[in-house]
Amino acid sequence: MTSPGSPAYLLNRCHKNGVTFMYEQGVIRPPSEARSLLVRVTRNCPWNQCLFCPAYKGTRFSRRSVEEVKADIDAMAREYGENTHMIKTAFLQDADSLILKTEQILEILGYLQARFPGIERVTTYARANTLRRKSAEEFLQLKEAGLLRIHVGLESGSRKVLTMIKKGITPEDIVEGGRNVMESGISLSEYIMPGVGGRALSEEHARETARLLNAIKPDFIRVRTFALHPQSPIKKMVEEGTFTLMTDEEIVAEIKLLVSCLDEMRSYFSCGDYSPNLLMEVDGYLDEKKPDMLREIETFLSLTPEQKKVYSLIRRTNARSYPVHIVFDQRLMQQVLPEVERLESDEPDGFNRYIERLMSYMLPQPQTDKEWN
């Protein structure tokens, strides 16, 4: 099952009744696919140049053959035995599964449904330029075969930001690819990254991202606040003064601008499924909850500097979601504020540096020790 030049993967060895079942799995999947069967159809990322993403650095991309994938599905089916009908969802890995030929994906989907007849939904990651190359007929075929949701990293609608972070796609790719999916009836999750444009491009990043999302009207808009990995080339940009990291307060202000520019459409704006997002309570359908989300954002922005730091520290040291108004509790403020003050005194801009380190710990790590270029 291995591929020369693509050594980084997880080879599951599951033992059941004295029998070993072996199959590949990739290293990441969306939080919403936590209970899904993970079926690896490609290895790693065909682009793998994004400056912000550590997940596949040090690895090489390869396509798996249909026969390899079928062998993995067989192994998983044998492992589940009489319980295959209990598997309701599956996720095709890795970063851009739809780069395979459509007939190959259709064959994999058909085999997956045959071995796991209880599956109700199959989902996958895809890059915007890959979606742009697929025809409407191909998407309809994929939907009929059971592919019902696609997750896409939009990150930013700004051409300048996309170029700076080496995303390898254009705003035109994003809109056309997204519309292709939406017109087919396949559910679309677009991922955006507040803060990835830095302070200088923050306003453009927010406005242009909202403009593209309004044009696509995806089913889900999933927020993934930018965090700086210590090996990222963006760290050198910070040291050289060409990129300025944003504070929690500045990123919340950016999200406020973004949300205010979004139409009240039937898209679910989600901060609640990713713990590095500060305001996880900013979550809901835009046509129902947009005013409520803006009020929660305003509540945070109206806090005193001390209250903002206390809230940030509580959220960054807990995976749980907390409403902003918890900092109106004076006993809580008295308990946490001394720790904020200690962090401030440890080093210049000590509090913000500590928050940056906490967020970096939440990122996936590179799979090898090779230099991240």
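See the structure shown above.
Residues numbered from 1 in each chain as written. Predicted model: local features only at pLDDT ≥ 70, side-chain atom pairs only at ≥ 80, totals over all residues. Heavy atoms only, no water.

Colleague: Just checking my understanding: could you explain the overall build of the protein for this structure?
Modeller: Looking only at helices and strands, the protein features 13 helices and 12 strands. Classification of the 373 residues of the protein by burial places 53% in the buried group. Contacts in the protein between residues far apart in sequence, at least 24 positions, make up 74% of those at least 6 positions apart. Total accessible area computed for the protein in this model is approximately 16700 Å², and 49% of it derives from carbon and sulfur atoms. (Helix = DSSP H or I, 4+ residues; strand = E, 2+ residues; numbered from the N terminus. Buried < 20%, exposed > 50% of the residue type's maximum accessible area, 1.4 Å probe, protein only. Contact = heavy atoms within 4.5 Å. Areas by Shrake-Rupley, 256 points an atom, 1.4 Å probe, with all protein chains shown as cover.)

Colleague: Before we go on, may I ask you to explain the sheet that holds strand E11 (residues 268-270) in this structure?
Modeller: In a beta sheet, neighbouring strands are held together by backbone hydrogen bonds and run either parallel or antiparallel to one another. A sheet is described by the order of its strands in space; here 8 strands give the open sequence E3-E6-E7-E8-E9-E10-E11-E12, paired in mixed fashion. For this open sheet the edge positions go to strand E3 (37-40) and strand E12 (283-285), each flanked by a neighbour on one side alone. Along the sheet, successive strands turn relative to each other by an average axial angle of 20°, direction set aside. Pairing of strand E7 (residues 121-126) with strand E8 (residues 147-155) involves 5 bridges; the strand directions are parallel. Note on E8: the bridge partner recorded for Val122 is Leu147. In the packing of helix H10 (residues 286-301) onto the sheet, contacts are made with strand E10 (220-223), E11 and E12, and the angle to E12 comes to roughly 140°. (Pairing = 2+ DSSP bridges. Axes fitted to C-alpha atoms, helices over the stretch in contact; angles between N-to-C directions.)

Colleague: Even after reading the chapter, I still don't get the pattern of salt bridges, so can you show me in this structure?
Modeller: Any two side chains of opposite charge can pair, on the condition that their charged atoms come close. One pass over the full model with this rule turns up 31 salt bridges. Its salt-bridge partner being Arg64, residue Glu24 comes within 3.8 Å of it at the nearest N-O pair. Taken together, the residues Glu24 in strand E2 (residues 19-25) and Arg64 in the loop between strand E5 (62-63) and helix H1 (66-80) connect sequence positions 40 residues apart. Judged by relative accessible area, which is 1%, Glu24 ranks as buried. For Glu172, the salt bridge is made with Arg159, and the minimal N-O distance between the two is 2.6 Å. Taken together, the residues Glu172 in helix H6 (residues 171-184) and Arg159 in helix H5 (residues 159-164) connect sequence positions 13 residues apart. Taken together, the shared-partner salt bridges in this structure form one network comprising Glu24, Arg40, Arg43, Arg64, Glu68, Asp72 and Asp94. (Salt bridge = Lys/Arg side-chain N within 4 Å of Asp/Glu carboxyl O.)

Colleague: Please explain the side chain of Thr124 as it appears in this structure.
Modeller: Take Thr124: it is sitting in strand E7. Overall, Thr124 belongs to the buried group, its relative accessible area being 0%. Discounting chain neighbours no more than four positions away, the residues touching Thr124 are Phe91, Leu92, Ser97, Leu98, Leu147, Arg149, Ile150 and His151.

Colleague: Just checking my understanding: could you explain the environment of Ile297 for this structure?
Modeller: Here Ile297 is to be found in helix H10. Spatially, the C-alpha atom of Ile297 lies 29 Å from that of Ile150, the residues being 147 residues apart in sequence. Those residues in contact with Ile297 that sit more than four places away from it in its chain are Val252, Ile255, Lys256, Val259, Leu279 and Val282.

Colleague: Where do I start with unusual backbone geometry in this structure?
Modeller: Most peptide bonds are trans, and most residues other than glycine sit at a negative phi. Asp94 follows Gln93 through a cis peptide bond whose omega is 5°. Phi at Asp349 takes a positive value of approximately 55°, unusual for a residue other than glycine. Looking at the element boundaries, Asp349 is found in the loop between helix H12 (330-346) and helix H13 (350-361).

Colleague: What am I meant to see in the packing of aromatic side chains here?
Modeller: Summed over all chains, the structure comprises 6 aromatic pairs. With a centroid separation of 5.1 Å and an interplanar angle of 90°, the aromatic rings of Phe91 and Tyr125 are classed as edge-to-face. In this pair, Phe91 is assigned in strand E6 (residues 89-93) and Tyr125 in strand E7, connecting sequence segments 34 residues apart. The same class applies to Phe91 as to Tyr125, namely buried. Among the aromatic residues, those joined into a cluster by ring pairs are Phe220, Tyr268 and Tyr285. Here the guanidinium or amino end of Arg266 rests over the ring plane of Tyr285, the centre of that ring lying 3.7 Å away. (Phe/Tyr/Trp six-rings, centres within 6.5 Å; stacked < 30°, edge-to-face > 60°. Lys NZ or Arg CZ within 6 Å of the ring centre and 35° of its normal.)

Colleague: Would you mind going over the nonpolar core with me for this structure?
Modeller: What tends to happen in soluble globular proteins is that the nonpolar side chains get buried as a cluster. Counting residues in hydrophobic clusters, the biggest one holds 83 residues, and the most contacted among them are Ile150 and Phe269. Apart from residues no more than four positions distant in its own chain, Phe269 is found in contact with Ile192, Ile221, Val223, Ile255, Leu258, Val259, Leu262, Val282, Asp283, Gly284, Leu286 and Met293. Met193, Val196, Met237 and Leu245 belong to the second-largest nonpolar core, a separate cluster that totals 14 residues. (Core = buried A, V, L, I, M, F, W, Y, C linked by side-chain atoms within 4.5 Å.)

Colleague: What is the right way to look at the environment of Thr59 in this model?
Modeller: Here Thr59 shows up in the loop between strand E4 (42-43) and E5. Along the backbone, Thr59 and Ile234 are 175 residues apart, and their C-alpha atoms lie at a distance of 20 Å.

Colleague: Any chance you could explain the packing of helix H11 (residues 305-316) against H12 here in plain terms?
Modeller: Any two packed helices are characterised by the angle at which their axes cross and by the distance between the axes. Two numbers describe how H11 lies on H12: the axes approach to 9 Å, and their chain directions differ by 90°. Here H11 lies roughly perpendicular to H12, going by the angle between them. Contact residues: H11 offers Glu306, Gln307, Lys309, Val310, Leu313 and Ile314, while H12 offers Leu332, Met333, Val336, Leu337, Glu339, Val340, Leu343 and Glu344. Of the residues in the contact of H11 with H12, the class split is 9 nonpolar, 1 polar and 4 charged. (Parallel < 35°, antiparallel > 145°, perpendicular 65-115°, else oblique. Nonpolar A, V, L, I, M, F, W, Y, C, P; charged D, E, K, R; others polar.)

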